[in-house]
Amino acid sequence: MPKERIEGRIEEVKGKVVGNQSPEQTGSTQKNAGKNHAVTGDDPTSTKSTTAPKAQEAIALLHRDHKIVSDRFDEYEKIYVQSRKNSLVVLICADLTIHAQVEEEIFYPALNEILKDKRLVPRAISEHATLKDLIADVKGLKRDGDHFDARIRLLSEYVKHHVKEQQDAMFPRAAATKLDMMEIGAQMASRKEELVAERSRRA
């Protein structure tokens, strides 16, 4: 999704925004949200992101990050209490920022060095730049109303687009190399823990 197409999606996405629910529906949604947290083990009111407790294979670690963020976006669609939505957005933006930084510092350089590919990694880095712009835009918005919901949906769509490209093209090529994915995964897990700790100290 090229950057120039992003703005053109906003009104279309806004048109799909679901209106406020009744108190009964909100209560039901909150129960479902609680179930989601039981599955992921994450508290949307916490400033801490989920980190890998031990080294994982690099691609498995990235898949795990993708799943966590995807679950957060899904949960956002089920919540109608603004304070809880806001808490989720904080987590989503923080998780995406840390995930992108770890990829750019460790995974992408290792992959680029062995592949010598002039398109795959540069394209991913370019998409990260757009992702960071979208995150900055979200952080600058008033956190209520249909416009904000539309921006979150737009961010979700862009993340899904980026993830699909990685999982369809980048990850298979990475898995076929002679890179030590356990060693890279250990480096990534360690760096992620550092970044999460830094974020917690700033909170």
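Residues numbered from 1 in each chain as written. Predicted model: local features only at pLDDT ≥ 70, side-chain atom pairs only at ≥ 80, totals over all residues. Heavy atoms only, no water.

Chemist: Can you help me understand the overall build of the chain in this one?
Modeler: Helix and strand content of the chain: seven helices and zero strands. In the chain, the order of α-helices and β-strands from amino to carboxyl end is α-α-α-α-α-α-α. Considering only contacts in the chain between residues 6 or more positions apart, those separated by 24 or more positions represent 82%. If you sum the accessible surface of the chain, you get close to 10600 Å²; carbon and sulfur atoms cover 52% of it. (Helix = DSSP H or I, 4+ residues; strand = E, 2+ residues; numbered from the N terminus. Contact = heavy atoms within 4.5 Å. Areas by Shrake-Rupley, 256 points an atom, 1.4 Å probe, with all protein chains shown as cover.)

Chemist: I'm lost on the side chain of Gln56 in this one. Help?
Modeler: Inspection of the secondary structure assignment puts Gln56 in the loop between helix 2 (23-40) and helix 3 (58-78). Discounting chain neighbours no more than four positions away, the residues touching Gln56 are Leu61, Arg64, Met181, Met182, Gly185 and Ala186.

Chemist: I tried to follow helix 3 on my own but got confused; where do I start?
Modeler: Between its terminal C-alpha atoms helix 3 stretches 31 Å, which fits the 30 Å expected from 21 residues at 1.5 Å a residue. Taking the backbone nitrogen of Ile59 as reference, a side-chain oxygen 3.0 Å away marks Glu57 as the first, capping residue of helix 3. (Expected span 1.5 Å × (residues − 1). Polar contact = N/O pair within 3.5 Å; in protein donor to acceptor, adjacent residues only side chain to side chain.)

Chemist: Any chance you could explain the pattern of salt bridges here in plain terms?
Modeler: Close approach of charged atoms allows side chains with opposite charge to pair. Within the structure shown, the criterion is met by 15 salt bridges. A salt bridge links Asp95 to Arg199; the nearest nitrogen and oxygen atoms lie 3.7 Å apart. Residue Asp95 is located in helix 4 (residues 82-115), and its partner Arg199 is located in helix 7 (residues 181-202); the two are separated by 104 residues in the primary sequence. For Asp95, a relative accessible area of 7% gives the class buried. Residues Glu104 and Lys132 are paired through a salt bridge, measuring 3.1 Å at the closest nitrogen-oxygen approach. Here the residue Glu104 occupies a position in helix 4, and Lys132 occupies one in helix 5 (residues 120-139), the gap between them amounting to 28 residues. Taken together, the shared-partner salt bridges in this structure form one network comprising Glu105, Arg191, Glu194 and Glu198. (Salt bridge = Lys/Arg side-chain N within 4 Å of Asp/Glu carboxyl O. Buried < 20%, exposed > 50% of the residue type's maximum accessible area, 1.4 Å probe, protein only.)

Chemist: In this structure, what is going on with the nonpolar core? I would like to understand it.
Modeler: The tendency in soluble globular proteins is for nonpolar side chains to be buried as a group. Residues Phe107, Leu111, Met170, Met181, Ile184 and Met188 are the most contacted members of the largest nonpolar core, which totals 24 residues. Of all the elements in the fold, those that place two or more residues in this core are helix 3, helix 4, helix 5, helix 6 (145-175) and helix 7. Looking at this core, the element that brings in the most residues is helix 4, giving eight residues. The residues contacting Met170, other than those within four sequence positions of it, are Phe107, Tyr108, Leu111, Leu120, Val121, Ala124 and Glu165. Residues Phe73, Tyr76, Leu88 and Cys93 belong to the second largest nonpolar core, which totals 20 residues. (Core = buried A, V, L, I, M, F, W, Y, C linked by side-chain atoms within 4.5 Å.)

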